[in-house]
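Next come the chains, spelled out residue by residue.
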Amino acid sequence: MSVFSQACDKARPFLGPATEKFMERQCKLLKVDQAEITKEHLVKLAWYVKSSASLIMDAAQAEKLEKTIAAG
Amino acid sequence: MKMTITNKLLLGFGGLLLLTAVIAGIGIYAVSNLRHSAQETTRIGARLNSISVEIQVHNLEAQRKATSYFLQKAALGEENARATYLDEATFEVHEIQSLASKAVQLAPSPEVKAKFKRIDTALHEYEQALDKAVAASQPNQSAKEVQDAMASYDAAGESLHETAEDGEIAGHDVAQQFQDEIERTSKRSVGLAIGFSIVGLVLALSTSFALARAILVPVRHLREVAENVSLGNLDISVHRHSSDEIGDLADSFQRMVTAVKFFRMEAETAQADAASAGGGSR
């Protein structure tokens, strides 16, 4: 299972059916192909996730999501 | 333990069942206590009463026979009168003695015991007075001696009669005491049962209220969220009020609202991109 898929699984309880599309968008912002995402990218990816997620959910939830993804 | 709705309901109803069991326990305790008191009343009170009455009967019989001895002695002769009356009177005295001892054993309190012990003392004095009167009734005794002996015999008889009467009153008192005990126990039990019932009622009401609130508040909130989303208002936050099934439902709602918000944002962005691309090509 790729690191991207693992990150998606962790984000699913927060984002539901929008998970894959949302995470793809964050990879684009990170300028890294989703297949090439490694554990080293996770902290940066998590930061982008939090920034975007705070537009569609509570700040607290977005922060929780960031921590979950960054934890790997 | 996760506080699911099922667990909350189980706890609430379990608590009420426990309370019902406590109230039933008090009822059983009261009934058994009352039954015990009633049995004690019947057993001890009735026995002491009957002993007191028996003592009175034996006392009267002893005095009647002793008097007959003095009256019939001249006619029947000393030996015959002794055999017919005096020995019988002595037998009655021994009966009184044994009854008084039984009463002392049965008596439930020191005061009642003391009353029956006084019968024993009076009986002893009566026996001594009877012996003296018998001795004084022999020939060659002065009239003064006879008179004194008979007077002290009468006094001892009277004293024995009075103490036996006291014993009878004590028997009544014991019965009354147990009646009072029954009355007290029943009043206390009724008070306890009423108290626990009131506490139970208050607890039942507050438990029902808390349970209803625990279920209704998050359900109302979710209904409000669903209504807003259905009307297109996605800027509504979903709160998780509890960690039960309704809390899980709130999480699902939250995910759904987040996804809808994201897809709407995506659609808006795509629409804006298309519009700007269209504008640019013109």
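Residues numbered from 1 in each chain as written. Chains lettered and ligands numbered in written order. Predicted model: local features only at pLDDT ≥ 70, side-chain atom pairs only at ≥ 80, totals over all residues.

Side note on the overall build of chain A
Thinking step 1. A tally of regular secondary structure across chain A gives four helices and zero strands.
Thinking step 2. Sequence separation of 24 or more characterises 42% of the internal contacts of chain A that already satisfy a separation of 6 or more. (Helix = DSSP H or I, 4+ residues; strand = E, 2+ residues; numbered from the N terminus. Contact = placed C-beta atoms within 7 Å.)

Some details on the overall build of chain B
Thinking step 1. The secondary structure content of chain B amounts to five helices and zero strands.
Thinking step 2. Secondary structure of chain B in N-to-C order comes out as α-α-α-α-α.
Thinking step 3. Classification of the 282 residues of chain B by burial places 20% in the buried group. (Buried ≥ 20, exposed ≤ 12 C-beta atoms within 10 Å, placed from the backbone.)

Things to note about the interface of chain B and chain A
Thinking step 1. Contacts between the two partners involve 10 residues from chain B, matched on the other side by 11 residues from chain A.
Thinking step 2. In terms of residue class, the side of chain B that touches chain A is made up of five nonpolar, two polar and three charged. (Nonpolar A, V, L, I, M, F, W, Y, C, P; charged D, E, K, R; others polar.)

Some thoughts on the nonpolar core
Thinking step 1. In terms of nonpolar packing, the biggest core is built from 33 residues, with B:Ala100, B:Leu123 and B:Tyr126 touching the most fellow members.
Thinking step 2. Listing elements by their share of this core, those giving two or more residues are helix H1 (5-76), helix H2 (78-106), helix H3 (110-136) and helix H4 (143-230) of chain B.
Thinking step 3. Looking at this core element by element, the count peaks at 10 residues for H3(B).
Thinking step 4. In this structure B:Tyr126 touches B:Val93, B:Ala156, B:Gly157 and B:Leu160, once residues within four positions along its chain are discounted.
Thinking step 5. Counting residues in each nonpolar core, the second largest holds 20 residues, with A:Ala11, A:Phe14, A:Phe22 and A:Met23 among its members. (Core = buried A, V, L, I, M, F, W, Y, C linked by C-beta atoms within 7 Å.)

Some points on helix H1 (residues 3-15) of chain A
All names here are of chain A.
Thinking step 1. The end-to-end C-alpha distance of H1, which contains 13 residues, comes to 18 Å, matching closely the 18 Å that a straight helix rising 1.5 Å per residue would cover.
Thinking step 2. In H1, a bend of some 30 degrees at Asp9 exceeds every other bend along the element, and Pro13, a proline, comes one to four places later.
Thinking step 3. One or two steps after H1, the chain reaches Gly16, where phi turns positive at roughly 60 degrees. (Expected span 1.5 Å × (residues − 1). Bend = angle between axes of the 7 residues up to and from the residue.)

Some remarks on the confidence of the model for chain B
Residues and elements named next belong to chain B.
Thinking step 1. Per-residue pLDDT for chain B averages 85, and the proportion of residues at 70 or more is 98%.
Thinking step 2. Taken element by element, chain B is modelled with least confidence in H1, mean pLDDT 83, and with most confidence in H2, mean pLDDT 90.
Thinking step 3. On the interface metric, ipTM, the complex scores 0.85, and its pTM is 0.53. (pLDDT = per-residue confidence, 0-100.)

Considerations on helix H3 (residues 42-53) of chain A
All names here are of chain A.
Thinking step 1. Helix length check: H3, at 12 residues, gives a terminal C-alpha distance of 15 Å against a target of 16 Å (1.5 Å per residue), a fit within 8%.
Thinking step 2. Buried within H3 we find Leu42, Leu45, Ala46, Val49, Lys50 and Ala53. Along the long axis of H3, the arc covered by the buried residues comes to 140 degrees, so they all point the same way.
Thinking step 3. Of the surrounding elements, those touching the buried residues of H3 are H1, helix H2 (19-30) and helix H4 (59-70). (Arc of directions from axis to C-beta.)

A few points about the packing of H1(A) against H2(A)
All names here are of chain A.
Thinking step 1. Where H1 meets H2, the closest approach of the two axes is 9 Å, and the angle between their N-to-C directions is 125 degrees. For the element pair H1 / H2, the angle class is oblique. The two elements H1 and H2 cross, and the hand of that crossing is right-handed. Residues Phe4, Ala7, Cys8, Ala11, Arg12 and Leu15 of H1 form the contact with H2, whose participating residues are Thr19, Glu20, Phe22 and Met23.
Thinking step 2. Residues of the contact of H1 with H2, tallied by class, amount to seven nonpolar, one polar and two charged. (Axes fitted to C-alpha atoms, helices over the stretch in contact; angles between N-to-C directions. Parallel < 35°, antiparallel > 145°, perpendicular 65-115°, else oblique. Left-handed = near helix turned anticlockwise from the far one by under 90°.)

Considerations on the environment of B:Gln141
All names here are of chain B.
Thinking step 1. Assignment of secondary structure puts Gln141 in the loop between H3 and H4.
Thinking step 2. Residue Gln141 is classed as partly exposed on the basis of its 13 C-beta neighbours within 10 Å.
Thinking step 3. Other than its neighbours up to four places away in sequence, Gln141 contacts Ala136 and Val146.

Topic: the packing of H3(B) against H4(B)
All names here are of chain B.
Thinking step 1. Contact pair H3 / H4: the axes reach a minimum separation of 8 Å and the direction vectors enclose 160 degrees. Judged by the inter-axis angle, H3 sits roughly antiparallel to H4. Once H3 is placed against H4, the crossing between them reads as left-handed.
Thinking step 2. Looking at the contact of H3 with H4 residue by residue, the classes come out as 19 nonpolar, five polar and seven charged.

Brief notes about the environment of A:Leu30
Residue and element names in this part refer to chain A.
Thinking step 1. Tracing the backbone through its elements, the reader meets Leu30 in helix H2.
Thinking step 2. Linking Leu30 and Leu45, residues 15 residues apart in sequence, is a C-alpha distance of 6.7 Å.
Thinking step 3. In this view, Leu30 contacts His41, Lys44, Leu45 and Tyr48; residues no more than four positions away in its chain are not counted.

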